[in-house]
There are 2 protein chains.
Amino acid sequence: MRFSTFLKDKWIFLLSQTGIILFLALLLNVMKISNAANALVCICVLFITVGALVLEYNQKNGFYRELYRNLGTLEKKYYISSVTEKPGFVEGAILMDVLRQTTKSMNDDIADYRRMNTEYQDYVETWIHEIKIPISCIDLICGNNKGEMASGVKEELSRI
Amino acid sequence: MRFSTFLKDKWIFLLSQTGIILFLALLLNVMKISNAANALVCICVLFITVGALVLEYNQKNGFYRELYRNLGTLEKKYYISSVTEKPGFVEGAILMDVLRQTTKSMNDDIADYRRMNTEYQDYVETWIHEIKIPISCIDLICGNNKGEMASGVKEELSRI
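A few points on the structure. None of these values were measured; they are calculated from a predicted model.

Glancing now at the packing of aromatic side chains. Residue and element names in this part refer to chain A. Going through the model one piece at a time under the given rule, you end up with 17 aromatic pairs over all chains. Summarising the aromatic geometry, the rings of Y78 and Y79 are spaced 4.9 Å apart at their centres and angled 55° between planes, so their arrangement reads as tilted. Judged by relative accessible area, which is 4%, Y78 ranks as buried. Using a relative accessible area of 37% as the deciding quantity, one classes Y79 as partly exposed. An aromatic cluster is present here, built from F3, F6 and Y57 joined pairwise through their rings.

The structure is reproduced here in structure tokens:
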């Protein structure tokens, strides 16, 4: 999050502070306060406003920078919610909560696919094991018998 | 996002505005401005502050409420980034961008699993098709021959 983007997003806050400062300057002018005192008041208000902005920017930027760094380094980006610490402000917390919910739902789905895969492989392996026995028996029968038929069957068996 | 949570999160803004109002009240008092005028100025500043807060809350709450409603109704929560519109403020946009990146990475992984599953099934089906031919041949050979051996082989074939 660049500071300029952050400022653009803070237009409501900036507008309200500009409104307050203009209103004060006008009011103090109407009240016949000296220009120096007027400027001093406005600068003080401006100072507080800028301080508040910088403080908020630092807090949020720290979290978002870490989040994007993690996102950049992670190969499987959906582990992001496990490696990023929960931030101290509400919108960051909402982000983490939404991320946690979506990645949980995804992990469940991936686990389902993995389970289906394993089950199918187990089934196929059991089946292969079971057809091995009669095939070996046929092989033994052919070994115990001679003749045209036995050699024909043996030839077919060699193709399996 | 409840309004109280939102206010708690805005402590920097609230602190700065309280500072500005207190500073103004003190300054106007020192300048021997009448209490009525002093109160009027403070109330105006307060009014602008509350207005700015309510405006920002409405903008953000609308987005977060929709986001959580979508999250609640979606069965597969990782489609959230497709069904939620991009919000007009930077932190919401960051949230959507992070969500989009994580769900993209997740969808790639799910597609990989699905592909692996399909490839394995295809392989098994091809293999089954190939061993069917010699088994049928053995069956035919047994059908064309009589004797003890043919009936033994036939018995084993029936187990496959």
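Now that the structure has been shown, the text picks up again.
All names here are of chain B. A complete count under the given rule lists 20 salt bridges over all chains for this structure. For K60, the salt bridge goes to E91, with nearest N and O atoms at 3.7 Å. With a gap of 31 residues between them, K60 in helix α3 (residues 35-73) and E91 in helix α5 (residues 90-144) connect regions that are remote in the sequence. When sorted by exposure, K60 lands in the same class as E91, which is buried. Note that K104 and D108 form a salt bridge whose closest N and O atoms lie 3.1 Å from each other.

A few words now on the interface of chain A and chain B. By convention, interface size is frequently given as the accessible area that disappears when the constituent parts associate. With 79 residues of chain A at the contact, the number on the chain B side is 78 residues. Both faces considered, chain A and chain B share a buried interface measuring about 7,200 Å² in area, 76% of it formed by carbon and sulfur atoms. Contact with chain B buries area across many residues of chain A, yet E91, Y113 and M149 of chain A alone supply 9% of it, more than any other trio. Inspection of the region where chain A meets chain B yields six salt bridges. A salt bridge links E56 of chain B to K10 of chain A; the shortest N-O distance between them is 3.9 Å. Scanning the region where chain A abuts chain B turns up 17 residue pairs in polar contact (both at pLDDT 80 or more). If you list the elements that add at least two residues to the side of chain A that touches chain B, you get α1 (3-9), α2 (11-30), α3 (35-73), α5 (90-144) and α6 (148-159) of chain A.

Moving on, we get to the relation of the copies chain A and chain B. Mapping chain A onto chain B calls for a screw motion: a turn of 179° about the axis and a shift of 0.0 Å along it, with 0.2 Å RMSD after fitting. The relationship between the two copies is best expressed as a two-fold rotation axis. In this assembly, 99% of the residues forming the interface of chain A have copies in chain B that are likewise at the interface, indicating an isologous arrangement.

Helix length check: α2 of chain A (20 residues) gives 28 Å between terminal C-alpha atoms against 28 Å at 1.5 Å per residue, within 8%. Buried within α2 of chain A are the following residues: I12, F13, S16, Q17, I20, I21, L24, L27 and L28 of chain A. Along α2 of chain A, the residues classed as buried sweep out an arc of 165° about the axis, all on the same side. Turned more than 90 degrees away from the buried face of α2 of chain A sit L15, L22, L26 and V30 of chain A, all of them exposed. Check the buried side of α2 of chain A and you find it contacts α3 of chain A together with α2 (11-30) and α3 of chain B.

All right, on to the packing of α5 of chain A against helix α6 (residues 148-159) of chain B then. Any two packed helices are characterised by how steeply their axes cross, that is the angle between the axes, and by the distance between the axes. Where α5 of chain A contacts α6 of chain B, the axes come no closer than 8 Å and their chain directions differ by 170°. Put simply, α5 of chain A runs roughly antiparallel to α6 of chain B. Along the contact surface, α5 of chain A presents P134, C137, I138, I141 and C142 of chain A, while α6 of chain B presents M149, G152, V153, E156, L157 and R159 of chain B. Split into classes, the residues belonging to the contact of α5 of chain A with α6 of chain B amount to eight nonpolar, one polar and two charged.

To continue, consider the side chain of T102 of chain B. Of note, T102 of chain B is situated in helix α5. With near-sequence residues (within four places) excluded, T102 of chain B lies in contact with L71, K77, Y78, I80, L99 and M106 of chain A.

A word on the nonpolar core. Within the largest apolar cluster, 23 residues are counted, with the highest numbers of intra-cluster contacts made by L67 and L95 of chain A together with L67 and L95 of chain B. Residue assignment for this core shows that the elements contributing at least two residues are α3 and α5 of chain A together with α3 and α5 of chain B. If sequence neighbours within four positions are ignored, L95 of chain A has contacts with Y64 and L67 of chain A together with I94, L95 and V98 of chain B. Core analysis: the next-biggest nonpolar cluster, separate from the first, contains 20 residues, I21 and C42 of chain A together with I33 and C42 of chain B among them.

Within the element layout of this structure, N117 of chain A appears in helix α5. Looking at N117 of chain A, the relative accessible area reads 8%, which means it is buried. Distance in space between the C-alpha atoms of N117 of chain A and R2 of chain A is 45 Å, their sequence separation being 115 residues. Look past the residues within four positions of N117 of chain A in its chain and what remains in contact with it is Y113, M116 and N117 of chain B.

Turning our attention to the side chain of N38 of chain A. Topologically, N38 of chain A is positioned in helix α3. Within the structure, N38 of chain A has its side chain in polar contact with the backbone oxygen of A25 of chain A (distance 3.1 Å).

Rules used throughout
- Residues numbered from 1 in each chain as written.
- Chains lettered and ligands numbered in written order.
- Predicted model: local features only at pLDDT ≥ 70, side-chain atom pairs only at ≥ 80, totals over all residues.
- Heavy atoms only, no water.
- Phe/Tyr/Trp six-rings, centres within 6.5 Å; stacked < 30°, edge-to-face > 60°.
- Buried < 20%, exposed > 50% of the residue type's maximum accessible area, 1.4 Å probe, protein only.
- Salt bridge = Lys/Arg side-chain N within 4 Å of Asp/Glu carboxyl O.
- Helix = DSSP H or I, 4+ residues; strand = E, 2+ residues; numbered from the N terminus.
- Contact = heavy atoms within 4.5 Å.
- Buried area = accessible area lost by both parts, 1.4 Å probe.
- Polar contact = N/O pair within 3.5 Å; in protein donor to acceptor, adjacent residues only side chain to side chain.
- Least-squares fit on C-alpha atoms with pLDDT ≥ 70 in both.
- Expected span 1.5 Å × (residues − 1).
- Arc of directions from axis to C-beta.
- Axes fitted to C-alpha atoms, helices over the stretch in contact; angles between N-to-C directions.
- Parallel < 35°, antiparallel > 145°, perpendicular 65-115°, else oblique.
- Nonpolar A, V, L, I, M, F, W, Y, C, P; charged D, E, K, R; others polar.
- Core = buried A, V, L, I, M, F, W, Y, C linked by side-chain atoms within 4.5 Å.

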